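Descriptive analysis of the structure
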Amino acid sequence: MSDNLVVILECVMVTMEGAFAKLSGGCCWCCLMPLFASEQHGFCRACFRDLPRLPPSCLHWRGASRALPHTRYWFAALAWRSMSRQLVYSYKFQRRPELARWLAPLLSAQVMACYQKYQARWPDVVVAMPMTRRRWRKRGFNQAGLLAEQVAKQVQLPYAVGLLRRLRDEEQQHQLNRQQRWQRMQQAFHCTRDMKGLRVALVDDVLTSGASVTAAAAAMRRRGARAVDVWTLCYTEPHQLGEA
């Protein structure tokens, strides 16, 4: 090997070492490109900028009249688009529970902006949308539970484990239309504790028709909860129900 070639290879190695030193060792959850050390939120700059964020506002006005007696606010961080759908599918169906660490800050930032906008009193406790034991055994984790636990830490609220139970395993929600979702959710949840006077934040991953969160909120209201706010990562427009 000639001396010139050795020098060139040494220069290339030095350049590569400097470049890799800037990388954090991970990849963007959306585009899978390597992340730089300055990109600490699990997404590259381009994907983080392109996330389909929703404005900080309540979603009740989008046709959820049946939820009004049971829930105070609906807050969601992202619209249901191809990028957010990819993230949720990876999280739930490809068994990537570690994604909760990167998704929770998106929801935390959104709810903080929403409560500031409405000048509303914060909830007293955070709870997660429950799943049946059968579904939990199949998936291995409750995606809403992991998300709720992370968000509760970030907004500095207590996280109540086991406060809600799902009584029976329903058909896959995404296989049902809007009317069927509301009918099947009636009496589907049980609140295990006295909630008298408490304001509750109910966390789920995706808000579609609102049937599940409304039924869960009704169960807590029957046990005395003063108000129930719904916090979800994504919101699905009514015309997108078949995609959720």
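Residues numbered from 1 in each chain as written. Predicted model: local features only at pLDDT ≥ 70, side-chain atom pairs only at ≥ 80, totals over all residues. Heavy atoms only, no water.

Ranked by internal contacts, the top residues of the largest apolar core, which has 73 residues, are Phe43, Leu103, Leu147, Leu164, Leu202, Met220 and Trp231. Residues from two domains meet in this core; each of domain 1 (21-50) and domain 2 (52-172 + 186-235) gives at least three. When near neighbours in sequence (up to four residues on either side) are disregarded, Leu164 contacts Val127, Ala128, Pro130, His190, Cys191, Leu202, Ala216, Ala219 and Met220. (Core = buried A, V, L, I, M, F, W, Y, C linked by side-chain atoms within 4.5 Å. Buried < 20%, exposed > 50% of the residue type's maximum accessible area, 1.4 Å probe, protein only. Domains from an automatic or database assignment. Contact = heavy atoms within 4.5 Å.)

As a further point, take the pattern of salt bridges. Between side chains of opposite charge, pairing is possible as soon as their charged atoms come close. Inspection of every chain in the model, using the stated rule, returns three salt bridges. With its nearest N and O atoms 3.7 Å apart, the salt bridge here joins Asp50 to Arg49. Given the relative accessible area of 60%, Arg49 is considered exposed. With its nearest N and O atoms 3.1 Å apart, the salt bridge here joins Lys92 to Asp205. Of the two residues, Lys92 sits in helix H3 (residues 82-92) while Asp205 sits in strand E7 (residues 199-207), which places them 113 residues apart along the sequence. (Salt bridge = Lys/Arg side-chain N within 4 Å of Asp/Glu carboxyl O. Helix = DSSP H or I, 4+ residues; strand = E, 2+ residues; numbered from the N terminus.)

Where helix H4 (residues 100-118) contacts helix H6 (residues 143-155), the two axes come as close as 8 Å, and the packing angle between them is 55°. On the basis of the axis angle, H4 is oblique to H6. Considering how the two elements wind past one another, H4 and H6 form a crossing that is right-handed. In contact with Ala100, Arg101, Leu103, Ala104, Pro105, Leu107, Ser108, Val111 and Met112 of H4, H6 contributes Leu146, Leu147, Gln150, Val151, Gln154 and Val155. Split by residue class, the contact of H4 with H6 holds 11 nonpolar, three polar and one charged. (Axes fitted to C-alpha atoms, helices over the stretch in contact; angles between N-to-C directions. Parallel < 35°, antiparallel > 145°, perpendicular 65-115°, else oblique. Left-handed = near helix turned anticlockwise from the far one by under 90°. Nonpolar A, V, L, I, M, F, W, Y, C, P; charged D, E, K, R; others polar.)

Moving on to the packing of aromatic side chains. Per the stated rule, a full pass over the model turns up 12 aromatic pairs. A ring pair is formed by Trp80 and Tyr89, whose centres lie 6.1 Å apart and whose planes are at 70°; its orientation type is edge-to-face. Under the relative-accessibility criterion, Trp80 is labelled buried at 1%. The class of Tyr89 is partly exposed, set by a relative accessible area of 33%. Both rings, one in Tyr115 and one in Trp231, keep their centres 6.0 Å apart while their planes meet at 70°; by these two values the pair is edge-to-face. One end of the pair, Tyr115, is in helix H4; the other, Trp231, is in strand E8 (residues 227-235), with 116 residues separating them in the sequence. Comparing Tyr115 with Trp231 shows no difference in burial state: the two are buried. Positioned above the aromatic ring of Phe48 is the side chain of Arg53, whose terminal nitrogen or guanidinium carbon lies 4.6 Å from the ring centre. (Phe/Tyr/Trp six-rings, centres within 6.5 Å; stacked < 30°, edge-to-face > 60°. Lys NZ or Arg CZ within 6 Å of the ring centre and 35° of its normal.)

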